[in-house]
Amino acid sequence: MMTDGSECDDLLRQAWARFCDELKKAGDIPFGPTVPAHVNDRTAGFEVLARNISLALNFQHDHADPRFPELIHYFDPVRKQGGDNTDAVYVGATINGTDTYRVIGDRGTASYFAITSVERGQTPWGGKVAHTLLGRDLRVEPDGRFELICSPEPHPGNWLRTTPETFRVTFRQFFADWERERPMKARIDRLTGEQGPPAPLTPERLAGQLRASGKWVGESIAFWVRMIDMWKAMPNTFRSYKQLADRAIDATPGGEPMIAYWALPPDEALIVRVRPPHCPYWAVEFGNFWWMSMDYRYRLSNTNCHYAQLEEDGEVIVVVAHEDPGLPNWLDTAGFSEGYVTYRWMLADSCPVPQATQVKAAELNRHLPARVRRITPEARREQLATRRRGVINRFGNL
């Protein structure tokens, strides 16, 4: 540990310079060869880098020590990456594979709920999942209270197994009814090992954490660019991650997302049709090239099993368009020219593959059923108002 002031000053200056150098290096990513040249897509590339600096610091500095875990939000209406589900709250904590941890609190009422213990791996988000608990596996008291033990050794009641490579526990909550379903409120405590407050921060530790944070920003965003390039090679074709890659990742358990890449000139639209299977939760998600979900506070950027309007035969018809087509299940491109659309069937009895057809916007109605459902301007305004209320219910004051 350094005690000399001049040596400490030099180390801190160098640490900050290296942190900034990593961020400057990441500034090349938005100009990559596969990035859409449209100004909105380029601008969003820098936005996603800037917004994820705070997440990198959360992971690598603020909450990096598994001896002092805290449950934190990964994403919210502005901080996003990795194809975040518009319906979701993602919460997690840094842990290790040797200590015993207890999570205690109110489970909430999200339609889909899952807990995973995640191992280190080859991606910025880790590797394979060591153990999974779905909402149906969790013992919850009538008043919503639950207690969960995370440890390498079995425990009675709710138990999540950890391994020597475990470094994180993640909670996924997917909300169908944004206004009425409640998010989990819980805390995590380490029960074993030496107790006491964290040691004062040293220049050496801060230097390492800043370096790791800067690297994580660039590495995580570059990782998702490589990922979306796999779907970009086959636009309007729905494929799952497992169909295109074999790298272990902390994917949502209980349903493999079906993803397609879209690219729309200003005068075109995309029609996506499918009959949803029987399942407790399903959703249609929508985002840009950077795997950021579209703004879901002020735009129609998704639908799900609660909000979607189905046709009389049970089909859901989604239309991606730059201008409002007057259809209830519209996905608003928000000025972007390219991106992804995802269908999730969670704990479903089948996995139907959506079919996409790209058409001229002026000819859209020719490609739709004569009695397709439509929406009034008043109902559209209520759709948007519902989103604002639902976001506040889910996240509170941002």
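Position numbers for residues start from 1 in each chain and track the written sequence from start to end. Where local features are concerned, this predicted model is filtered to residues with pLDDT of at least 70; where side-chain atom pairs are given and counted, the filter is 80 or more; whole-chain, interface and lining totals use all residues. Calculated side-chain values reflect all of the structure's heavy atoms, with hydrogen atoms and water omitted.

(A) Local environment of the environment of Glu268. Put simply, DSSP marks the helices as runs of H or I at least four residues long and the strands as runs of E at least two long, and each gets a number from the N terminus on. As for its placement among the helices and strands, Glu268 is situated in strand E11 (residues 268-274). As for Glu268 and Ala212, which are separated by 56 residues in sequence, their C-alpha atoms are 43 Å apart. Setting aside residues up to four positions removed in sequence, Glu268 forms contacts with His322, Gln358, Val359, Lys360 and Ala361. A distance of 2.7 Å separates polar atoms of two side chains, one belonging to Glu268 and the other to Gln358. Contact between two residues is taken to exist if any of their heavy atoms lie within 4.5 Å; hydrogens are not considered. Under the rule applied, a polar contact is a pair of N or O atoms within 3.5 Å (in protein, one hydrogen donor and one hydrogen acceptor; residues adjacent in sequence only if both atoms are side-chain atoms).

(B) A look at the pattern of salt bridges. Each salt bridge in this description consists of a side-chain nitrogen of Lys or Arg and a carboxyl oxygen of Asp or Glu lying within 4 Å of one another. For the structure shown, the criterion picks out 24 salt bridges. Salt bridges sharing partners connect three or more residues here, namely Glu22, Lys25 and Arg211.

(C) Just the side chain of Arg79, in detail. Relative to the assigned elements, Arg79 resides in the loop between strand E1 (72-73) and strand E2 (88-94). One buried charged residue, Arg79, forms no salt bridge at all, with the nearest opposite charge on Asp76 at 5.0 Å. Within polar-contact distance, the side chain of Arg79 engages the backbone oxygen of Tyr74 at 2.9 Å. Sequence-distant contacts of Arg79, that is, excluding residues within four places in its chain, are made with Arg51, Asn52, Ser54, Leu55, Asn58, His73 and Tyr74. The buried label goes to any residue with under 20% of its type's maximum accessible area, the exposed label to any with over 50%, and the partly exposed label to all in between, with areas taken from a 1.4 Å probe on protein chains only. In this count, Lys and Arg are taken as positive residues and Asp and Glu as negative ones, while His and the chain termini are left out.

(D) Highlighting empty space enclosed by the protein. Using protein atoms alone on a 1 Å grid, points that fit a 1.4 Å probe yet trap it form a cavity, whereas open point sets bounded by protein on both sides within 12 Å along at least five of seven lines form a pocket; residues with an atom within 4 Å of a point count as lining. Grid points are joined across faces, edges and corners, and a volume is the space filled by probe spheres set on the points. Applying the stated criterion across every chain, the model contains three cavities of 30 Å³ or more. Roughly 40 Å³ of volume is contained in the second largest cavity. If you tally residues by element for the lining of the second largest cavity, the top one is E2, at three residues. Three residue categories are used. Nonpolar comprises Ala, Val, Leu, Ile, Met, Phe, Trp, Tyr, Cys and Pro, charged comprises Asp, Glu, Lys and Arg, and polar comprises the others, including Gly. Taken together, the residues of the lining of the second largest cavity sort by class into four nonpolar, three polar and two charged.

(E) View of the packing of helix H1 (residues 5-26) against helix H4 (residues 203-232). Between the N-to-C directions of two axes lies an angle of 0 to 180 degrees, each axis being a line fitted to C-alpha atoms and, for a helix, fitted only over the stretch in contact. At a minimum axis distance of 8 Å, the contact between H1 and H4 shows a crossing angle of 5 degrees. Comparing the axis directions of H1 and H4 gives the class roughly parallel. Residues Cys8, Leu11, Leu12, Ala15, Trp16, Arg18, Phe19, Glu22, Leu23 and Ala26 of H1 touch H4, and the partners they reach there are Pro203, Glu204, Leu206, Ala207, Leu210, Arg211, Ser213, Gly214, Lys215, Val217 and Gly218. Working rule for angles: under 35 degrees goes down as roughly parallel, over 145 as roughly antiparallel, 65 to 115 as roughly perpendicular, anything else as oblique.

(F) Just the sheet that holds strand E16 (residues 338-346), in detail. The strand order across the open sheet built from four strands is E10-E16-E12-E13, with neighbouring strands paired in antiparallel fashion. At either margin of the open sheet sits one strand with a lone partner, and together these are strand E10 (258-263) and strand E13 (302-304). On average, each strand axis in the sheet is inclined to that of its neighbour by 15 degrees, with strand direction left out of account. Should DSSP find at least two bridges between two strands, the strands are regarded as paired.

(G) Focus on helix H6 (residues 377-395). Here a helix's expected span is defined as the number of its residues, less one, multiplied by 1.5 Å. In a regular helix each residue adds 1.5 Å, so 19 residues correspond to 27 Å; H6 covers 28 Å between its end C-alpha atoms and thus fits that length. Of all the positions in H6, only Arg380, Thr386, Arg387, Gly390, Val391, Arg394 and Phe395 are classed as buried. All buried residues of H6 project into a common sector of 135 degrees when viewed along the axis, lining one side. More than 90 degrees from the buried face of H6, the exposed residues found are Pro377 and Arg381. Considering only its buried residues, H6 is in contact with E1, E2, E13 and strand E15 (330-332). To be clear, the arc concerns the directions from the helix axis to the C-beta atoms.

(H) Geometry of the sheet that holds strand E6 (residues 145-151). Pairing is mixed in the open sheet, where four strands are placed in the order E7-E6-E3-E9. Pairing within the sheet leaves two strands with one partner each, and these edge strands are strand E7 (158-161) and strand E9 (185-190). With direction set aside, neighbouring strand axes in the sheet form an average angle of 20 degrees. Note that E6 and E7 share four bridges and pair parallel. Residue pairing in the sheet places Ile149 in a bridge with Trp159 of E7.

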